[in-house]
Amino acid sequence: MGTLVCIKPDGTEERIEAKKPDYEVLNRLVGGYIERVRVRYEGRIRDCYVNEDGFRLTLEPNEHIRSKLAGVFEHYQGVILGNGVVWVP
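Residues numbered from 1 in each chain as written. Predicted model: local features only at pLDDT ≥ 70, side-chain atom pairs only at ≥ 80, totals over all residues. Heavy atoms only, no water.

1. Describing the overall build of the chain
Move 1: Of the regular secondary structure elements, the chain holds 2 helices and 5 strands.
Move 2: Counting from the amino terminus, helix and strand elements in the chain follow one another as β-β-α-β-β-α-β.
Move 3: Relative to the compact-globule value of 12 Å for 89 residues, the chain shows a C-alpha radius of gyration of 12 Å, a close match.
Move 4: Relative to its full complement of 89 residues, the chain shows a buried share of 39%. (Helix = DSSP H or I, 4+ residues; strand = E, 2+ residues; numbered from the N terminus. Rg over C-alpha atoms; globule rule 2.2 N^0.38 Å. Buried < 20%, exposed > 50% of the residue type's maximum accessible area, 1.4 Å probe, protein only.)

In structure tokens form, the structure reads like this:
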């Protein structure tokens, strides 16, 4: 068992209990095709799922996820758009 933590661009978080990261649930939470990135969340490196079509869909930037990425990749200069879903086992 674990938790999917959906972090929205405005910084709000929604927690969903899950047995594992299910593709259909992740797809619904990020609003499309998913891409996995690594983030630092609660002091550990975790999997985070984001929408891989964020630019095409003109999703809002998510600085909350980007800052967590910077904790893993110090010089990360990319943009994360839309919701990010962190898997916490």
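2. Concerning the environment of Lys19
Move 1: Assignment of secondary structure puts Lys19 in the loop between β2 (13–18) and α1 (23–30).
Move 2: Between the C-alpha atoms of Lys19 and Thr3, which are 16 residues apart in sequence, the distance is 8.0 Å.
Move 3: Here Lys19 is in contact with Met1 and Trp87, once residues within four sequence places are set aside. (Contact = heavy atoms within 4.5 Å.)

3. A look at the pairing of strand β5 (residues 84–88)
Move 1: Counting buried residues along β5, 5 of its 5 residues qualify, which places the element largely inside the surrounding structure.
Move 2: With burial as the criterion, each face of β5 is covered, one bearing Gly84, Val86 and Val88 and the other bearing Val85 and Trp87.
Move 3: Two elements, strand β4 (residues 44–51) and β5, share 3 bridges in a ladder whose sense is antiparallel. Within β5, the residue paired with Tyr49 across the bridge is Val85. (Pairing = 2+ DSSP bridges.)

4. A look at the nonpolar core
Move 1: In this structure, Val5, Ile7, Val37, Val39, Tyr41, Cys48, Val50, Ile65, Leu69, Ile80, Val86 and Val88 together form the largest nonpolar core, which totals 12 residues.
Move 2: Ignoring sequence-local partners within four residues, the contact set of Val88 consists of Gly2, Thr3, Val5, Tyr41, Glu42 and Arg46.
Move 3: Core analysis: the next-biggest nonpolar cluster, separate from the first, contains 9 residues, Cys6, Ala18, Leu29 and Tyr49 among them. (Core = buried A, V, L, I, M, F, W, Y, C linked by side-chain atoms within 4.5 Å.)

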